[in-house]
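Now for the letters of each chain:
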Amino acid sequence: MTARKVTVWTGDHGDVTIPEPVWCLDEHEGENYRQDIEHRGADMPAVVETSCHGPVPTLVACLVQRPFSERDRRTLVSLDLGDDWHELAAPDLDAAAAVLVEHAATLRRLARELRVMER
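The shown structure was predicted, so the numbers you read here are calculated from the model rather than taken from an experiment.

## A few points about the overall build of the protein chain
Working step 1: When you go through the protein chain residue by residue, the secondary structure sums to one helix and seven strands.
Working step 2: Radius of gyration (C-alpha) of the protein chain: 19 Å, far over the 14 Å computed for a compact globule of 119 residues.
Working step 3: When its C-alpha atoms are laid out on the principal axes, the protein chain stretches across 65 × 30 × 30 Å.
Working step 4: Within the span of the protein chain, comprising 119 residues, buried residues form 24% of the whole.
Working step 5: Pairs at least 24 apart in sequence give 19% of the contacts found in the protein chain among residues at least 6 apart.

## Overview of the packing of aromatic side chains
We describe a pair of aromatic rings using the distance from one ring centre to the other and the angle between the two ring planes.
Working step 1: Per the counting criterion, the structure on display carries zero aromatic pairs.
Working step 2: Seen from the ring of Trp85, Arg40 lies directly overhead, with NZ or CZ sitting 4.4 Å from the centre.

## Quick notes on the pairing of strand β5 (residues 54-65)
Working step 1: In this structure, strand β3 (residues 39-40) lies alongside β5, joined through two bridges in antiparallel fashion. Its bridge partner being in β5, Arg40 is matched across the sheet by Val64.
Working step 2: In the sheet, strand β4 (residues 44-50) pairs with β5 via six bridges, with the strands oriented antiparallel. Looking at β5, one finds that Val48 is bridged to Val56.

## Digging into the state of the cysteines
Working step 1: Here the structure, examined in full by the defined rule, presents zero disulfides.
Working step 2: Cysteine Cys24 shares no disulfide, and the gap to the nearest cysteine sulfur, in Cys62, comes to 10 Å.
Working step 3: Here Cys24 falls in the buried class, since its relative accessible area comes to 4%.

About the criteria used
One numbering rule holds for all chains: residues counted from 1, following each sequence as written. For a predicted model such as this one, the threshold for reporting local features is a pLDDT of at least 70, and the threshold for listing and counting side-chain atom pairs is 80 or more; totals across whole chains, interfaces and linings nevertheless cover every residue. Where side-chain values are given, they derive from all heavy atoms of the structure, hydrogens and water being excluded. Here a strand is any run of E in DSSP of at least two residues, a helix any run of H or I of at least four, and the numbering for each starts at the N terminus. To get the radius of gyration, use the C-alpha atoms; to get the globule rule, take the number of residues to the power 0.38 and multiply by 2.2 Å. Relative accessible area decides the class of each residue, using a 1.4 Å probe on protein chains only: under 20% of the type maximum gives buried, over 50% gives exposed, and in between gives partly exposed. Residue contacts are defined here by distance: any two heavy atoms, one from each residue, within 4.5 Å place the two residues in contact. When the centres of two rings from Phe, Tyr and Trp lie within 6.5 Å, Trp using its six-membered ring, the rings pair. Their planes under 30 degrees apart give stacked, over 60 give edge-to-face, and anything left gives tilted. A ring has a charge above it when a Lys NZ or an Arg CZ is no more than 6 Å from the ring centre and no more than 35 degrees off the ring normal. For two strands to count as paired, DSSP must find a minimum of two bridges between them. Two cysteine sulfurs form a disulfide in these notes if their separation is within 2.5 Å.

In structure tokens, the structure reads:
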């Protein structure tokens, strides 16, 4: 599928026309700098049901690509780790998923301990 084109106004380069990935949902409002142009996909949170606040989205992930970035122009996954968004390539994202699987085992162990305490 051919990417559509989008024109973004920038303060340093005027109108910049670029291909837009089909997964991009961003509105592409103007940017001060061309290097700040960003393609961003849909937010994909893990939703945890809590008794105090109901459903709470956490660990939000989305596809992101900055076509003029000085650091990295690849498509990456941006992951909200609570304090900030962190961009991860496939190997790093896979490693993060492994950490979360291990942590899920810890949460399940704590749930079993809590059930014993609640008796």
